[in-house]
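Remarks on the overall topology
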Amino acid sequence: MHGTHKGIIDLTRPSPDARTLAPLSREAMFRQVGPLIGGTLMGLLFLAATHTGGSSALIFRAAAITAFTVMATAMLPWHRLPSVLQTVPALLYMVVVLLLVQATGGSGSVYEQLVLLPVLWLAVFATTGELAVGLLVAAAVLLAPLLGEPNGSQGLGRAFLLTGLCAVLGFSVQRILLQIRATTSRLDLLARTDELTGVANRRAWDEYLSHVLERATNERFPVCLAMLDVDHFKEFNDRHGHQAGDRFLKEITARWRSRLRETDVLARLGGDEFAMVLPNCELAAAHAILARLATDLPGDQACSAGLACWDSQESAEALIARADTALYEAKRKGRARVVVAGAPGSGRAA
């Protein structure tokens, strides 16, 4: 078994960066909706201060918390922190609602309904458990103003009704978004997978290779890349038929995948042309692997392969071009062999 390297993503899944930038991802929804809610609360705080005659001290505190929360939501590296900490800004917004309610008359204030905003935000990006915690804090925010009022029991019904509304809306929105995300994930997987063989397609291959080279640059591990082409596949199809050809491609990809690590990516680029990237694998080990794969085909079939080792500087396109040149050299030399690409700029294969 060739060397292993932890932390490389799975072959048909988007890279961490792609998941972060996905429109419905937790990170994207957190950063997009959080500042919007903060801006809404800030505007309402201004209205409360200018039109309702509320306590200026409480409103100033609420505005300071809101401004701090908006900046933290937009600027902190949340992807490096435990995801549970992303619930903190929503809880701070609930504190803002509590201060606003107290500044504008306490229980019965029209601003009590603003507690729905952070609850819905949690429904959009948080887990079910995090949403449940948010609902408990929302209930506390609604009940707290009643504690200091002589007839506080009269507002209990309204507080419980609003808490129930928060729960119904929160869990309903979360369930709908979970269904949408599941459907989106299935569609994305289909878009990244070769329909016939189930391995990565060119789109997933390009993204994964770019991500591996970026990681290799930062962490300094070797990367080998191979281009493979089944020898005389057209004749095989002519002799046995296209359905047999399809079955053959499925079988060889299943065999090859069983002999690779989870971090190695096998992709079908089209027809009988395949590509493979081997992270954290030295050239000698990669050559031995390719030599076995090139002859591990059903019947008397074989394949040719071109192998290149990344020089830590060249682009993904240049690396692919070197492996491609080596593949053509393998074909020229009689097929059923692995040819190692020459050094970058040499234009020769070993």
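Structure shown above.
Predicted model, so just to flag it, every value in this text is computed and none were measured.

Here's the deal with the pairing of strand E3 (residues 273–279)
Each regular strand shows side chains that alternate between the opposite faces of the sheet. When you tally the buried positions in E3, you get six out of seven residues, the bulk of the element. Where strand E1 (residues 223–230) meets E3, seven bridges bridge the pair, whose relative direction is antiparallel. By the bridge assignment for E3, Leu228 is matched with Phe274. Taken together, the five bridges between strand E2 (residues 265–270) and E3 define a ladder with antiparallel strand orientation. Note that in E3 the partner of Arg268 across the bridge is Phe274.

Considerations on unusual backbone geometry
Trans is the prevailing form of peptide bonds, just as negative phi is the prevailing case for residues other than glycine. Phi at Arg220 takes a positive value of approximately 60°, unusual for a residue other than glycine. Within the element layout of this structure, Arg220 appears in the loop between helix H8 (202–219) and E1. A relative accessible area of 75% places Arg220 in the exposed class. Look at His232: it is not a glycine, yet its phi comes out positive at around 55°.

Notes on the side chain of Gln174
With respect to the secondary-structure elements, Gln174 resides in helix H7 (residues 156–191). Here Thr128 takes part through its side chain, which lies 3.0 Å from a polar atom of the side chain of Gln174. Leaving out residues up to four positions away in the same chain, Gln174 has contacts with Leu122, Ala123, Ala126, Thr127, Thr128 and Leu131.

Rules and cut-offs
Residues numbered from 1 in each chain as written. Predicted model: local features only at pLDDT ≥ 70, side-chain atom pairs only at ≥ 80, totals over all residues. Heavy atoms only, no water. Buried < 20%, exposed > 50% of the residue type's maximum accessible area, 1.4 Å probe, protein only. Helix = DSSP H or I, 4+ residues; strand = E, 2+ residues; numbered from the N terminus. Pairing = 2+ DSSP bridges. Polar contact = N/O pair within 3.5 Å; in protein donor to acceptor, adjacent residues only side chain to side chain. Contact = heavy atoms within 4.5 Å.

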